[in-house]
Amino acid sequence: MVSQVVADEKPPQQLLSKKAGCNSHGQDSSYFMGWQEYEKNPFDPVSNPSGIIQMGLAENQLSFDMVEAWLEKNPDALGLRREDGASVFRELALFQDYHGLPAFKNALARFMSEQRGYKVAFDPSNIVLTAGATSANEALMFCLADHGDAFLIPTPYYPGFDRDLKWRTGAEIVPVHCTSANGFRVTRAALDDAYRRAQKRRLRVKGVLITNPSNPLGTTAPRADLEMIVEFVAARGIHLVSDEIYSGTAFGEPGFVSVLEVMAERGAAAADVSDRVHVVYSLSKDLGLPGFRVGAIYSSNAAVVSAATKMSSFGLISSQTQYLLAAMLGDKDFTRSYVAENKRRIKERHDQLVDGLREIGISCLESNAGLFCWVDMSHLMRSRSFAGEMELWKKVVFEVGLNISPGSSCHCREPGWFRVCFANMSAKTLDVAMQRLRSFVESTTNGAAALRRAAVPARSISCPIAIKWALRLTPSSGDRKAER
Amino acid sequence: MGGKLLPAALGAGSPHLSQVATSAAHGEDSPYFAGWKAYDENPYDAVTNPDGVIQMGLAENQVSFELIEGYLREHPEAAGWGGGAGSFRDNALFLDCHGLKSFRKAMASFMEKIRDGKARFDPDRIVLTAGATAANELLTFILANPGDALLIPTPYYPGFDRDLTWRTGVNIVPVHCDSANGFEVTVAALQEAYDEAAAAGMRVCGVLITNPSNPLGTTVKRTVLEDILDFVVCKNIHLISDEIYSGSVFAAPDLVSVAELVESRARHGGDDVANRVHIVYSLSKDLGLPGFRVGLVYSYNDAVVTTARRMSSFTLVSSQTQKTLAAMLSDEAFADAYIRTNREHLRARHDHIVAGLARAGVSCLRGNAGLFVWMDMRRLLGDGDGDATVAGELRLWDKMLHDVKLNISPGSSCHCSEPGWFRVCFANMSSATLDLALARISRFTDGWNCCS
């Protein structure tokens, strides 16, 4: 029996649910604190040149001009008119079918297939549309996990998962520890270890969730790793969720391989696990449209599609937006040229950051995707510990004026790593960031030493990268391409 | 009672899915949805399928589109991003749980106009969600723990069974209302529901009312609202007021929103009320834009606003849509004209259906709001007193669906405790189609009168 006396004594503002009062939303973490500091004092090249530069936001701001050009050529899509000029306003205004606008799902299916080199075919009826990947990931958790069940997630992972996957679902995350010893790749041993730890905590493991390409690592998962992970979930009889929202940002070798490609290659053997592999997608990163709230779940499990479709009632995509994007993604000429040019620009900006960091003696995990680099600043910490990492992070945010994300907020096991975003600012601003960082590095003993080492030509100069930085001892914006 | 889960073995899915996924609490096996299916299989069309089922179970507002279409035609910039370089970029990038400030201001202003200025709304207390469906679920997650109870006066919107209980694990305990007093909520009924919840070991977290009511089509009387407020204060629980039909009040008495009462009680020194009152709104009914997914939570409780804002990450409104509607709703002349004209259209349509039903010998609860009437078909239940049962009602409903070819919503799907009442929508079809529906009802009741 509920004690009414106790209940009656509390004022209503304390009578919120446990969910409202708990911290699972994770918004007190450093990930969000850095954002708050930035918002108080945001960098602007003209009005606030000494403000904080936002390098903690994984946004793609490099390719808007291409989308804007398309919009200008396609006013009907915006004006909610068909090609023949007839208005579709009424139909769209009334369209709240959770199965989604057929034209949009068809276009999205084709676009997703194009991103995988047409090696995988997507059936539109297996797509569930949601208001962003945030909503898709949560809906999948609601479908696959009961309260208290666990999902295994390789570290480091996107800080938002703590909120998105656990807050309202009551699900648990058990980290799969990855380290720099092998470039943070997932190993079978790490998966088995995580599974055992979950069992020790008496948690029922319902699946594994990977992000491929990885946030925050910026790497695509090697085919062999994907095969190993599929083997693991097959053997354990659990689910695999593959968050592929960065699939369109893979700009370098070995290229993006989707788990669905691995499944397709498994052929008949895939039957044992095909109804337990689910993909999450979104247009927020690849197309730079986070505000439009476009996400999707792809699954060949009819029960999952059915349940998730009903759940999408709580987060449908505006029909106005579905109509616009059906036209945009249905334009194959546009998507082909957009995807290619977008990748080229991402690579260019990525290289600018990596080169700039190398010149000041800071190395990154070698990466071929994403809108960020995974940067090793451990030599700049005063102590090799998470306390040291926090101390360094605060200096970088408050003294250097760069909001970067500390690895601990991504649950990284090793202190000293930071995620640094590069695609949400101009090339000039990135230059400013590098100059600020250089000054800071020079002011620290270890940093200055590393910087000096970086300025000495490497023994082997057959590598073109070595020649590049040897010729350019100081950053120069003159020979950079025009800012995008 | 909603929220009961079927054992996983009876669920439609594989054993690998969650209880939530395999439960029937999504509610889609109810007659409310079965009627939709029958309509989908044989939908009326004036030209291609004149004998098909007429959809009268969908509470949509299609009577005022020309006003919105007119606005968008005259202001094409509202739908586009002509406003200078970078404006598309800014909008496409705009990912903020706070929502576009201009849009929140426009919504606050629109809500004030709907209430004829009798209450003020602070844009910073507005949390945007993708529809009222999301807003109601969100509030339930924030105000209630799994296993808690929400008291809801019957008859109520069938979708609540899913929206409020499916993923939240919260239970609905009905507050029974009946025709003896026009289905008004009484304190006795509230207390009875409260006691029932307590007896079942459930902590009551609050009362949820819909004002104007769906399916009754009536606004809640001021005295009843005051009673409900007194009740939640006394029990120290919350009040959620779903006011998504507030712009659809077309006849006296005027809408009395709980917002008005919160303000008047605050003026008289009562500080125990505001923190427990939360309002849900949406543009799906008043503006006829369910496809655009615009809903909101308005709370006088700071902690609820903060938490709701964070939780809205799962259900944000497209920034493209926020921008278009901000432009339209900030246009005061448009907003005033729309509210006035929409009310006129709804009144005309309502009066037409009520008159038509009266001629057919069918009476309705006296309504002044909404997109539907609450129709009294009790005398058509079987051969007399013996058939005043839910089974009898469903038999009548089945006849209406398959013989008369009208999809109307049986009161039992709205948890009405009195069999024989049906919700009939009138704003989601043309005038001509409405006349045809009335003719069909007339023929049916004539046949009934002949044979009874």
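All of these numbers come straight from a predicted model, not from anything done at the bench.

**What to know about the overall build of chain B**
And step 1. Looking only at helices and strands, chain B features 15 helices and 13 strands.
And step 2. Against the globule reference of 22 Å for 452 residues, chain B gives a C-alpha radius of gyration of 22 Å, in line with a compact fold.
And step 3. Each of the 452 residues in chain B was classed as buried or not, and the buried ones make up 63%.
And step 4. At a minimum sequence separation of 6, the contacts of chain B that also span at least 24 residues come to 75%.
And step 5. A total accessible area of about 15700 Å² is found for chain B, and carbon and sulfur atoms account for 53% of it.
And step 6. The averaged location of the 53 negative side-chain charges in chain B is 3 Å from the averaged location of its 40 positive side-chain charges.

**Section: the interface of chain A and chain B**
And step 1. Opposite the 75 residues of chain A that make contact, chain B presents 76 residues.
And step 2. Roughly 6600 Å² is buried in total at the junction of chain A and chain B, and carbon and sulfur atoms are behind 60% of that figure.
And step 3. Our enumeration of links across chain A and chain B arrives at 1 salt bridge.
And step 4. A salt bridge links Glu69(B) to Arg90(A); its shortest N-O distance comes to 3.0 Å.
And step 5. Our count for the contact surface shared by chain A and chain B stands at 21 residue pairs in polar contact (both at pLDDT 80 or more).
And step 6. Within the residue set of the side of chain A that touches chain B, elements represented by two or more residues are helix 1 (4-9), helix 2 (18-21), helix 4 (64-73), helix 6 (89-94), helix 8 (132-144), helix 9 (161-166), helix 13 (302-311) and helix 14 (319-330) of chain A.
And step 7. It is helix 8 of chain A that provides the largest number of residues to the side of chain A that touches chain B, a total of 6 residues.

**So, the sheet that holds strand 9 (residues 363-364) of chain B**
Residues and elements named next belong to chain B.
And step 1. Across the sheet, which stays open at both edges, the 4 strands sit in the order 9-10-13-12 with antiparallel pairing between neighbours. At either margin of the open sheet sits one strand with a lone partner, and together these are strand 9 and strand 12 (409-410).
And step 2. Sheet topology note: the strand 10 (residues 372-376)/strand 13 (residues 421-425) ladder contains 5 bridges and is antiparallel. Residue pairing across strands places Val373 opposite Val424, the latter belonging to strand 13.
And step 3. Helix 13 (residues 332-359) rests against strand 9, strand 10 and strand 13 of the sheet, and its axis sits at about 15 degrees to strand 10.
And step 4. Against the sheet, helix 14 (residues 390-402) contacts strand 12 and strand 13, and its axis sits at roughly 30 degrees relative to strand 13.

**Considering the packing of helix 10 (residues 188-200) of chain A against helix 11 (residues 223-236) of chain A**
Residues and elements named next belong to chain A.
And step 1. It is the contact of helix 10 with helix 11, at a shortest axis distance of 10 Å, that shows an interaxial angle of 35 degrees. For the pair helix 10 and helix 11, the crossing hand works out as right-handed. Residues Arg188, Leu191, Asp192 and Tyr195 of helix 10 pack against Met228, Ile229, Glu231, Phe232, Ala235 and Arg236 of helix 11.

**Notes on unusual backbone geometry**
And step 1. The omega torsion across Thr155(A) and Pro156(A) is -5 degrees, close enough to zero to call that bond cis.
And step 2. By the element assignment, Pro156(A) lies in the loop between strand 3 (150-154) and helix 9.
And step 3. For the bond from Asn211(B) to Pro212(B), the omega torsion is 0 degrees, close enough to zero to count as cis.
And step 4. Of note, Pro212(B) is situated in the loop between strand 5 (204-210) and helix 9 (222-235).
And step 5. In this structure, His411(A) is a non-glycine residue whose phi angle is positive, near 65 degrees.

**Remarks on the pattern of salt bridges**
Residue and element names in this part refer to chain A.
And step 1. Scanning the entire structure with this criterion turns up 51 salt bridges over all chains.
And step 2. One salt bridge connects Glu261 with Arg223, and the closest N-O pair in it is separated by 3.2 Å. Here the residue Glu261 occupies a position in helix 12 (residues 259-266), and Arg223 occupies one in helix 11, the gap between them amounting to 38 residues.
And step 3. Exposure remark for Glu261: the relative accessible area of 4% places this residue in the buried category.
And step 4. When salt bridges with common partners are traced through the structure, they connect Asp65, Glu341, Arg344, Arg345 and Glu348 into a single cluster.

**Quick notes on the UniProt feature "domain: Aminotransferase class I/classII large" (unreviewed entry) in chain A**
And step 1. This chain's UniProt record puts "domain: Aminotransferase class I/classII large" (unreviewed entry) on residues 53-437 of chain A.
And step 2. Along residues 53-437 of chain A one finds 43% helix and 14% strand; the C-alpha atoms at either end are 11 Å apart.

**Quick notes on the packing of aromatic side chains**
And step 1. On inspection of all chains with the given rule, the structure shows 26 aromatic pairs over all chains.
And step 2. Ring geometry for Tyr195(A) versus Phe232(A): centroids 6.3 Å apart, planes at 80 degrees, classification edge-to-face. One end of the pair, Tyr195(A), is in helix 10; the other, Phe232(A), is in helix 11, with 37 residues separating them in the sequence.
And step 3. For the ring pair Tyr157(B) and Phe160(B), a centre distance of 5.2 Å and an interplane angle of 80 degrees mean the geometry is edge-to-face.
And step 4. Since its relative accessible area comes to 24%, Tyr157(B) is described here as partly exposed.
And step 5. Among the aromatic residues, those joined into a cluster by ring pairs are Phe64(A), Phe292(A) and Phe88(B).
And step 6. Over the aromatic face of Phe314(A) sits the side chain of Arg162(B), whose NZ or CZ is 5.7 Å from the ring centroid.

**Topic: the nonpolar core**
And step 1. Core analysis: the biggest nonpolar cluster contains 161 residues, and Phe104(A), Leu108(A), Val208(A), Phe110(B), Val207(B) and Leu283(B) have the highest contact counts within it.
And step 2. Apart from residues no more than four positions distant in its own chain, Leu283(B) is found in contact with Phe103(B), Met107(B), Phe110(B), Gly288(B), Leu289(B), Val294(B), Leu325(B) and Leu329(B).
And step 3. Core analysis: the second largest hydrophobic core is formed by 144 residues, Val305(A), Val354(A), Phe141(B) and Val304(B) among them.

**Details of the state of the cysteines**
And step 1. In this structure the tally under the stated criterion is 0 disulfides over all chains.
And step 2. Free cysteine Cys421(A): the closest other cysteine sulfur is in Cys373(A), separated by 9.3 Å.
And step 3. Since its relative accessible area comes to 0%, Cys421(A) is described here as buried.
And step 4. Cys414(B) carries a free sulfur, and the closest cysteine sulfur to it, the one in Cys416(B), is 7.8 Å from it.
And step 5. Accessibility expressed as a relative area gives 1% for Cys414(B), which makes it buried.

**Comments concerning the side chain of Glu59(A)**
And step 1. Mapping Glu59(A) onto the fold places it in the loop between strand 1 (53-54) and helix 4.
And step 2. There is no salt bridge for the buried Glu59(A), and the closest opposite charge comes from Lys285(A), which lies 7.1 Å off by N-O distance.
And step 3. At a separation of 2.8 Å, a polar atom in the side chain of Glu59(A) contacts the side chain of Gln61(A).
And step 4. Beyond its immediate chain neighbours, meaning those up to four positions away, Glu59(A) contacts Leu371(A), Ala423(A), Asn424(A) and Leu93(B).

**Thoughts on helix 18 (residues 445-455) of chain A**
Residue and element names in this part refer to chain A.
And step 1. Of the positions making up helix 18, those classed as buried are Gly447, Ala448, Ala450, Leu451 and Ala454. Summarising the axial view, the buried residues of helix 18 lie within an arc of 165 degrees, below the 170-degree limit, and thus occupy one face. Along helix 18, exposed side chains directed more than 90 degrees from the buried face belong to Thr445, Arg452 and Arg453.
And step 2. The N-capping residue of helix 18, defined by a side-chain oxygen 3.0 Å from the backbone nitrogen of Gly447, is Thr444.

**A word on the packing of helix 11 of chain A against helix 12 of chain A**
Residue and element names in this part refer to chain A.
And step 1. Look at helix 11 against helix 12: their axes get within 10 Å of each other, and the N-to-C directions meet at 70 degrees. It follows that helix 11 is roughly perpendicular to helix 12 by the angle criterion. Residues Arg223, Leu226, Glu227, Val230, Glu231 and Ala234 of helix 11 lie in contact with helix 12, whose contacting residues are Val259, Glu261, Val262, Met263, Glu265 and Arg266.
And step 2. Of the residues assigned to the contact of helix 11 with helix 12, the class counts are 6 nonpolar, no polar and 6 charged.

**A look at the pairing of strand 6 (residues 239-243) of chain A**
Residue and element names in this part refer to chain A.
And step 1. Counting buried residues along strand 6, 5 of its 5 residues qualify, which places the element largely inside the surrounding structure.
And step 2. Residues His239, Val241 and Asp243 line one face of strand 6 and the alternating positions Leu240 and Ser242 line the opposite face, and both faces are buried.
And step 3. Across 5 bridges, the pairing between strand 5 (residues 205-211) and strand 6 is parallel. Along strand 6, the bridge assignment pairs Gly207 with His239.
And step 4. For the crossover from strand 6 across helix 12 to strand 7 (residues 277-282), the handedness is right-handed.

**Focus on the sheet that holds strand 4 (residues 171-175) of chain B**
Residue and element names in this part refer to chain B.
And step 1. Strand order in the open sheet made by the 7 strands is 2-8-7-6-5-3-4, with mixed pairing throughout. Of all the strands in the sheet, just strand 2 (126-129) and strand 4 have a single pairing partner and so form its edges. Averaged over all adjacent pairs, the angle separating strand axes in this sheet is 25 degrees, with direction ignored.
And step 2. As paired strands, strand 5 and strand 6 (residues 238-242) are joined by 5 bridges and run parallel to one another. The partner of Leu208 across the bridge, within strand 6, is Ile240.
And step 3. Helix 5 (residues 101-114) contacts strand 2, strand 7 (277-282) and strand 8 (295-299) of the sheet and is inclined by roughly 105 degrees relative to strand 2.
And step 4. Along the sheet, helix 11 (residues 302-311) contacts strand 2, strand 7 and strand 8; its crossing angle with strand 2, the most-contacted strand, is approximately 25 degrees.

Conventions we followed
Residues numbered from 1 in each chain as written. Chains lettered and ligands numbered in written order. Predicted model: local features only at pLDDT ≥ 70, side-chain atom pairs only at ≥ 80, totals over all residues. Heavy atoms only, no water. Helix = DSSP H or I, 4+ residues; strand = E, 2+ residues; numbered from the N terminus. Rg over C-alpha atoms; globule rule 2.2 N^0.38 Å. Buried < 20%, exposed > 50% of the residue type's maximum accessible area, 1.4 Å probe, protein only. Contact = heavy atoms within 4.5 Å. Areas by Shrake-Rupley, 256 points an atom, 1.4 Å probe, with all protein chains shown as cover. Lys, Arg positive; Asp, Glu negative; His and termini not counted. Charge placed at Lys NZ, Arg CZ, Asp CG, Glu CD. Buried area = accessible area lost by both parts, 1.4 Å probe. Salt bridge = Lys/Arg side-chain N within 4 Å of Asp/Glu carboxyl O. Polar contact = N/O pair within 3.5 Å; in protein donor to acceptor, adjacent residues only side chain to side chain. Pairing = 2+ DSSP bridges. Axes fitted to C-alpha atoms, helices over the stretch in contact; angles between N-to-C directions. Left-handed = near helix turned anticlockwise from the far one by under 90°. UniProt positions renumbered as here; feature names shortened; annotations may be inferred. Phe/Tyr/Trp six-rings, centres within 6.5 Å; stacked < 30°, edge-to-face > 60°. Lys NZ or Arg CZ within 6 Å of the ring centre and 35° of its normal. Core = buried A, V, L, I, M, F, W, Y, C linked by side-chain atoms within 4.5 Å. Disulfide = S-S within 2.5 Å. Arc of directions from axis to C-beta. Parallel < 35°, antiparallel > 145°, perpendicular 65-115°, else oblique. Nonpolar A, V, L, I, M, F, W, Y, C, P; charged D, E, K, R; others polar. Right-handed = clockwise from strand over helix to strand, strands pointing away.

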